[in-house]
Amino acid sequence: MKLSIFGLGYVGSVSAALFADAGHSVLGVDPNRDKVDLINEGRPPVVEAGLSELVAKAAASGRLSAMQEGRQAVHETELSIICVGTPSNHNGSLDLTYLRRVCQEIGAALADKADYHVVVIRSTMLPGTMESVVVPTLQEHSGKSAGDDFGVCVNPEFLREGSAVHDFLHPPKTVIGEIDPRAGELLARLYAGIDAPLIRCPVPVAEMVKYADNAWHAVKVAFANEIGVMCKAVGIDSHKVMEIFCRDTKLNLSPYYLKPGFAFGGSCLPKDLRALTYRARQLDIDLPLLRSVLPSNDAHLQRGLELILSRGRRRIGILGFSFKAGTDDLRESPLVEVIEQLLGKGMDVRIFDRNVQLAALTGANRDFILKVIPHIARLMVDDINDVVEHAEVLVIGNGDPAFRRVLDMMRPDQELIDFVRLTEPPPERDGYQGICW
């Protein structure tokens, strides 16, 4: 294929060299004359392991060259990849000056190009930027329509400085956000030789994926450091702790717990977080990440409550109120707190949970219901139909598969609040609201 790559910094230089190495014809575009000259001399404009050899080889073969003229590059290629910087402003917002400028340049070039052309955004940008900035700018300056006259895709990069060449060749995934299948198909051809899952998805999903990745990486670093600080204070080898921690790929390093849903609860997580942060205070250690987790969880619980109250209806049916499906444990269940607050607001509540049947409970769970929440016990019913018939608003509180049939039991006038993502994809019906979707 014939590609033009706008922006010859880390991402642009690495992408240009490796696409050229894969056999494509690549034109680099950058307003900086020095960067253009370096590429044309077979030298990389950035320091990156393994890049010098790749650029020299690609330039010598004639598959890689660079220029300052964007219009010519667009006219001579079938696909343009934007890799310009989106640095932070002082207030934390993104400076989109370079992105807008390149979109104006490419748009003007598209105005008098007859052939179909695909514009790919590899720069990191917040969700909604394609819709609010990129597409309007391209359309304004080209006089053409995105998705019809030219294609637009988002293709986030997952490259680390220092290992970018290796990361390009061995990515964890290749993500293509597309507004039309034709553009996505053309871009996908570029990655035919890369051994990684190829994921094609809506543009906003692709925009958000990079932020989810980087936020998670930042959280991991902060988490490991706070565990390390705590370990040092009590004389424990933090590296040994985290080495054992990382051996658990079923829970710790896995997709488990990483699907948006409702607040956590149960007998372990809240108790252990409180104990750990209390001990840190005793040791005069500040653990900002760990001490923020319970307040974050409480804030999410309040979001769920407000979602219910915002419906403006009084008769509420709760389906599932143990802290997770398949257990009768109500200790620190976030649903118990939601029910308490609903009752405090004067709501008429009915509750069903087939795992929490009072007659079958024994031991600590029975004592908890009868001694701590007897007023809630009186609202429990033994038949799901009683809750469905009673409620104006139904709330799915945990992931019991039995609750999926509720969708077929509901009346047209009823609303459903889903805390667990009852089905995949979520149901498309009036009155349905998911807490995070």
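Residues numbered from 1 in each chain as written. Predicted model: local features only at pLDDT ≥ 70, side-chain atom pairs only at ≥ 80, totals over all residues. Heavy atoms only, no water.

- As annotated in an unreviewed UniProt entry, the protein chain carries the name UDP-glucose 6-dehydrogenase and is attributed to Marinibaculum pumilum.
- On record in UniProt, under Pathway (unreviewed entry), the comment for the protein chain is "Nucleotide-sugar biosynthesis; UDP-alpha-D-glucuronate biosynthesis; UDP-alpha-D-glucuronate from UDP-alpha-D-glucose: step 1/1."
- Per its UniProt entry, the protein chain bears the Catalytic activity (unreviewed entry) comment "UDP-alpha-D-glucose + 2 NAD(+) + H2O = UDP-alpha-D-glucuronate + 2 NADH + 3 H(+)". (UniProt positions renumbered as here; feature names shortened; annotations may be inferred.)

1. Remarks on helix H9 (residues 203–233)
Working step 1: Given a rise of 1.5 Å per residue, 31 residues ought to cover 45 Å, and the 46 Å separating the end C-alpha atoms of H9 matches this to within 8%.
Working step 2: For H9, every residue scored as buried is listed here: Val-203, Ala-206, Glu-207, Val-209, Lys-210, Asp-213, Glu-226, Ile-227, Gly-228, Met-230 and Cys-231.
Working step 3: Of the residues one or two after H9, Gly-235 is the one with positive phi, at around 75°. (Helix = DSSP H or I, 4+ residues; strand = E, 2+ residues; numbered from the N terminus. Expected span 1.5 Å × (residues − 1). Buried < 20%, exposed > 50% of the residue type's maximum accessible area, 1.4 Å probe, protein only.)

2. Quick notes on the packing of aromatic side chains
Working step 1: Using the criterion set out here, one finds 5 aromatic pairs in the structure.
Working step 2: Between Phe-223 and Phe-245, the aromatic rings sit 5.7 Å apart at their centres with planes inclined by 40°, giving tilted as the arrangement. Here Phe-223, found in helix H9, pairs with Phe-245, found in helix H10 (residues 238–247); they are 22 residues apart in sequence, far enough to count as distant.
Working step 3: By relative accessible area, Phe-245 is classed as partly exposed at 26%.
Working step 4: Among the aromatic residues, those joined into a ring-pair cluster are Phe-19, Phe-168 and Tyr-191.
Working step 5: Above the plane of the ring of Phe-158 lies Lys-173, whose end atom (NZ or CZ) is 4.3 Å from the centre. (Phe/Tyr/Trp six-rings, centres within 6.5 Å; stacked < 30°, edge-to-face > 60°. Lys NZ or Arg CZ within 6 Å of the ring centre and 35° of its normal.)

3. Remarks on the sheet that holds strand S1 (residues 2–6)
Working step 1: The sheet built from 8 strands is open, its strands ordered S3-S2-S1-S4-S5-S6-S7-S8 with mixed pairing. Edge strands, defined here as strands with exactly one partner in the open sheet, are strand S3 (64–67) and strand S8 (198–201). Neighbour-to-neighbour, the strand axes of this sheet turn through a mean angle of 25°, independent of strand direction.
Working step 2: Relative to strand S2 (residues 25–29), S1 runs parallel, the two being bridged by 5 bridges. Note that in S2 the partner of Ile-5 across the bridge is Gly-28. (Pairing = 2+ DSSP bridges. Axes fitted to C-alpha atoms, helices over the stretch in contact; angles between N-to-C directions.)

4. Examining a negative patch on the surface
Working step 1: On the surface, Asp-382, Asp-383, Asp-386 and Glu-389 cluster together into a patch of negative charge.
Working step 2: Relative to the assigned elements, Asp-386 resides in helix H16 (residues 384–390). (Patch = residues over 30% accessible without salt bridge, like charges linked within 9 Å, V, L, I, M, F, W, Y side chains within 5 Å. Areas by Shrake-Rupley, 256 points an atom, 1.4 Å probe, with all protein chains shown as cover. Salt bridge = Lys/Arg side-chain N within 4 Å of Asp/Glu carboxyl O. Lys, Arg positive; Asp, Glu negative; His and termini not counted. Charge placed at Lys NZ, Arg CZ, Asp CG, Glu CD.)

5. Some words on a nonpolar patch on the surface
Working step 1: On the surface, Trp-216, Val-219 and Leu-258 cluster together into a nonpolar patch covering about 260 Å² of accessible area.
Working step 2: Assignment of secondary structure puts Trp-216 in helix H9.

6. Overview of the side chain of Asp-348
Working step 1: In this structure, Asp-348 sits in strand S10 (residues 348–352).
Working step 2: Looking at Asp-348, its side chain comes within polar contact range of the side chain of Arg-350, at 2.9 Å.
Working step 3: Those residues within four positions of Asp-348 in sequence are excluded, and the remaining contacts are Arg-314, Arg-315, Ile-316 and His-390. (Polar contact = N/O pair within 3.5 Å; in protein donor to acceptor, adjacent residues only side chain to side chain. Contact = heavy atoms within 4.5 Å.)

7. Some thoughts on the environment of Ala-402
Working step 1: Along the chain, Ala-402 turns up in the loop between strand S11 (393–396) and helix H17 (406–409).
Working step 2: Here the alpha-carbon distance between Ala-402 and Val-29, two residues 373 residues apart in the chain, equals 57 Å.

8. Digging into the nonpolar core
Working step 1: Phe-19, Leu-79 and Leu-190 are the most contacted members of the largest nonpolar core, which has 41 residues in total.
Working step 2: In this structure Phe-19 touches Leu-3, Ile-5, His-24, Val-26, Ile-81, Phe-168, Leu-190 and Tyr-191, once residues within four positions along its chain are discounted.
Working step 3: Core analysis: the next-biggest nonpolar cluster, separate from the first, contains 33 residues, Leu-27, Cys-103, Ile-121 and Val-154 among them. (Core = buried A, V, L, I, M, F, W, Y, C linked by side-chain atoms within 4.5 Å.)

9. Regarding the pairing of S1
Working step 1: For S1, the buried fraction is high: 4 of the 5 residues fall into the buried class.
Working step 2: What joins S1 to S2 is helix H1 (residues 10–21), and the crossover it makes is right-handed.
Working step 3: In the sheet, S1 pairs with strand S4 (residues 79–82) via 4 bridges, with the strands oriented parallel. Its bridge partner lying in S4, Ser-4 is registered against Ser-80. (Right-handed = clockwise from strand over helix to strand, strands pointing away.)

10. Regarding the packing of helix H12 (residues 288–309) against helix H13 (residues 334–344)
Working step 1: Close contact between H12 and H13 brings their axes to 10 Å; oriented N to C, the two are set at 45°. Here H13 runs oblique to H12, going by the angle between their axes. For the pair H12 and H13, the crossing hand works out as right-handed. Along the contact surface, H12 presents Leu-301, Gln-302, Leu-305, Ile-308 and Leu-309, while H13 presents Pro-334, Glu-337, Val-338, Gln-341 and Leu-342. (Parallel < 35°, antiparallel > 145°, perpendicular 65-115°, else oblique. Left-handed = near helix turned anticlockwise from the far one by under 90°.)

11. Things to note about the environment of Ala-196
Working step 1: Its place among the elements puts Ala-196 in the loop between helix H8 (181–190) and S8.
Working step 2: Along the primary structure Ala-196 and Val-175 are separated by 21 residues, whereas in three dimensions their C-alpha atoms are 9.9 Å apart.
Working step 3: The residues touching Ala-196, leaving out its near neighbours within four places in the chain, are Pro-171, Pro-172, Lys-173 and Thr-174.

12. Quick notes on the pattern of salt bridges
Between side chains of opposite charge, pairing is possible as soon as their charged atoms come close.
Working step 1: The full count for this structure, using the stated rule, is 20 salt bridges.
Working step 2: In this structure, Arg-43 engages Glu-41 in a salt bridge whose closest nitrogen and oxygen atoms are separated by 2.5 Å.
Working step 3: Between Lys-173 and Asp-213 there is a salt bridge, and its shortest N-O distance comes to 2.9 Å. On the criterion of sequence distance, the pair formed by Lys-173 in the loop between helix H7 (164–169) and strand S7 (174–178) and Asp-213 in helix H9 is long-range, its members being 40 residues apart.
Working step 4: Of the residues examined, Asp-213 reaches a relative accessible area of 16% and is grouped as buried.
Working step 5: One connected set of salt bridges, linked through shared partners, spans Glu-178, Glu-185 and Arg-200.

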